[in-house]
Amino acid sequence: MNANIISRRRETLENMCDERARMLQDQFNVSMNHVNALAILVSTFHHGKSPSAIDQKTFAEYTARTAFERPLMSGVAYALRVPHSQREQFEKQHKWRIKKMETEDQSPVQDEYIPEKLDPSPVQDEYAPVIFSQETVSHIVSVDMMSGKEDRENILRARATGKGVLTSPFNLLKSNHIGVVLTFAVYNADLPPDATQEMRINATEGYLGASFDVPSLVEKLLHQLASKQRIIVNVYDTTNSSAPIRMYGPSTSGTSQMHVSNLDFGDPFRRHEMHCRFKQEP
Ligand code: WA2
């Protein structure tokens, strides 16, 4: 093939890939900013007012009406920090037990992930039961998010850093689709930007989290673009460069030309990439 054609073809692939990566990154960034604003909303109107101006009904209504602001999030929820010493009082007040998250050996039908059927959480130093949720993730209400490995790591890192943090890709509850969870800590005080980890941990009231259902929401995004049929798109978590985790797209092998576009989802602890290839050889 003519060298000119080859280089034009490579340029087209690069442009298409960079455009898609930029779109995904921008939509992630606006979604993340809105989840950050929700954490401030909970701080201001739940913890900052007595009595609280937010209950489950208000939270569900507000998060449904503002869902368009978070195009890459399948749902948002708020988990309260509950030390073991306050568990009994908390459960009496809410009239339900704090439940343990169960990811394996759940009911065979995913739709039957019903919090009422879960076991109470065993004794722990502290818990993070979900008290408010968007309707789309109502199945996590009353579940202790510290009882799930990925959610727990996110909670600990969010509250120690004061930043929005991301999990590695894992299977989300109920949908069983691969996804990532974004978490912001909610504090009881306006902490100075240079607050120590210890100050942050002590000031923590709870955790505002959002789930990003990667296959369905990335598909929806890419579908909006023309000439989708021409390229194959994959998204990887490349935090561990020797063991990248595929988050989106078909499992692919082959020797056809590939372009890699960088993705920045705003958590310096994680690395992501988009890989693009043409479907057909020239
Ligand atoms: N949200 C939705 N589906 C999930 C999930 C989750 N976590 N974890 C597993 N499947 C309330 O960080 C606090 C949301 C966790 C926040």
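Residues numbered from 1 in each chain as written. Predicted model: local features only at pLDDT ≥ 70, side-chain atom pairs only at ≥ 80, totals over all residues. Heavy atoms only, no water.

A. Representation of the state of the cysteines within the structure. Tallied over the entire structure, the rule returns 1 disulfide. Two residues share a disulfide in this structure: Cys-17 and Cys-276, whose sulfurs sit 2.1 Å from each other. Measuring handedness by torsion sign, the sulfur bridge of Cys-17 and Cys-276 sits at about 75° and is right-handed. A residue pair is termed long-range when its members are at least 10 positions apart, and Cys-17 in helix H1 (residues 3-47) and Cys-276 in strand E14 (residues 272-278) qualify at 259 residues. (Disulfide = S-S within 2.5 Å. Helix = DSSP H or I, 4+ residues; strand = E, 2+ residues; numbered from the N terminus.)

B. How the structure looks around the packing of aromatic side chains. By the definition in use, this model includes 6 aromatic pairs. For the pair Phe-90 and Trp-96, a centre-to-centre distance of 5.4 Å together with 75° between the ring planes defines the contact as edge-to-face. With relative accessibility at 6%, the residue Phe-90 sits in the buried group. We classify Trp-96 as partly exposed; its relative accessible area is 21%. Linked through ring pairs, Phe-28, Phe-212 and Phe-265 together constitute an aromatic cluster. Above the ring of Phe-278, the side-chain terminus of Arg-9 is found at 4.2 Å from the ring centroid. Positioned above the aromatic ring of Tyr-127, the side-chain terminus of Arg-87 is 4.7 Å from the ring centre. (Phe/Tyr/Trp six-rings, centres within 6.5 Å; stacked < 30°, edge-to-face > 60°. Buried < 20%, exposed > 50% of the residue type's maximum accessible area, 1.4 Å probe, protein only. Lys NZ or Arg CZ within 6 Å of the ring centre and 35° of its normal.)

C. Representation of helix H2 (residues 56-65) within the structure. Along H2, the residues classified as buried are Phe-59, Ala-60 and Thr-63. The arc enclosing the buried residues of H2, seen along the axis, measures out at 100°, which places them on a common side. Relative to its buried face, H2 has exposed residues pointing more than 90 degrees away, namely Lys-57 and Arg-65. On the buried face of H2, the contacting elements are H1, strand E1 (75-80), strand E5 (130-133) and strand E10 (204-213). (Arc of directions from axis to C-beta. Contact = heavy atoms within 4.5 Å.)

D. Up close: the nonpolar core. Core analysis: the biggest nonpolar cluster contains 48 residues, and Leu-24, Tyr-78, Leu-208, Phe-212 and Met-274 have the highest contact counts within it. Ranked by residue count, the leading element in this core is H1, at 12 residues. With residues near it in sequence (within four places) discarded, Phe-212 still touches Leu-24, Phe-28, Leu-72, Met-73, Ser-74, Leu-172, Ile-178, Gly-179, Val-180, Leu-217 and Val-218. Residues Ala-79, Val-130, Val-137 and Ile-155 belong to the second largest nonpolar core, which totals 15 residues. (Core = buried A, V, L, I, M, F, W, Y, C linked by side-chain atoms within 4.5 Å.)

E. A look at the site of the ligand. Around the ligand sit Ala-77, Ile-140, Met-145, Asp-151, Phe-170, Leu-172, Leu-173, Val-181, Thr-183, Tyr-207, Gly-209 and Ser-211, and those are all the residues in its vicinity. The backbone of Leu-173 places a nitrogen or oxygen atom 2.9 Å from a nitrogen atom of the ligand. Take Thr-183: an N or O atom from its side chain is 2.8 Å from an oxygen atom of the ligand. The protein chains hide 99% of the 400 Å² of surface that the ligand would expose on its own. Elements that contribute at least two residues to the shell around the ligand include exactly strand E9 (178-187) and E10. In terms of residue count, E10 provides more of the shell around the ligand than any other element does, 3 residues in total. In terms of residue class, the shell around the ligand is built from 8 nonpolar, 3 polar and 1 charged. (Near = heavy atom within 4 Å. Polar contact = N/O pair within 3.5 Å; in protein donor to acceptor, adjacent residues only side chain to side chain. Areas by Shrake-Rupley, 256 points an atom, 1.4 Å probe, with all protein chains shown as cover. Nonpolar A, V, L, I, M, F, W, Y, C, P; charged D, E, K, R; others polar.)

F. Main features of the pattern of salt bridges. Evaluated as defined, the whole model comprises 9 salt bridges. One salt bridge in this structure joins Glu-153 and Lys-149, with 3.4 Å as the shortest N-O distance. In this pair, Glu-153 and Lys-149 both sit in helix H4 (residues 149-161), 4 residues apart, roughly one turn of the helix. Using a relative accessible area of 37% as the deciding quantity, one classes Glu-153 as partly exposed. The class for Lys-149 is exposed, based on a relative accessible area of 58%. Among the ionic pairs, Arg-157 bridges to Asp-267, the shortest N-O distance being 2.7 Å. Of this pair, Arg-157 sits in helix H4 while Asp-267 sits in the loop between strand E13 (258-263) and E14, and the two are 110 residues apart along the sequence. What emerges from the salt-bridge pattern is a single network uniting Arg-81, Glu-126 and Arg-159. (Salt bridge = Lys/Arg side-chain N within 4 Å of Asp/Glu carboxyl O.)

Remember, this is a structural readout, not a statement about activity or role.
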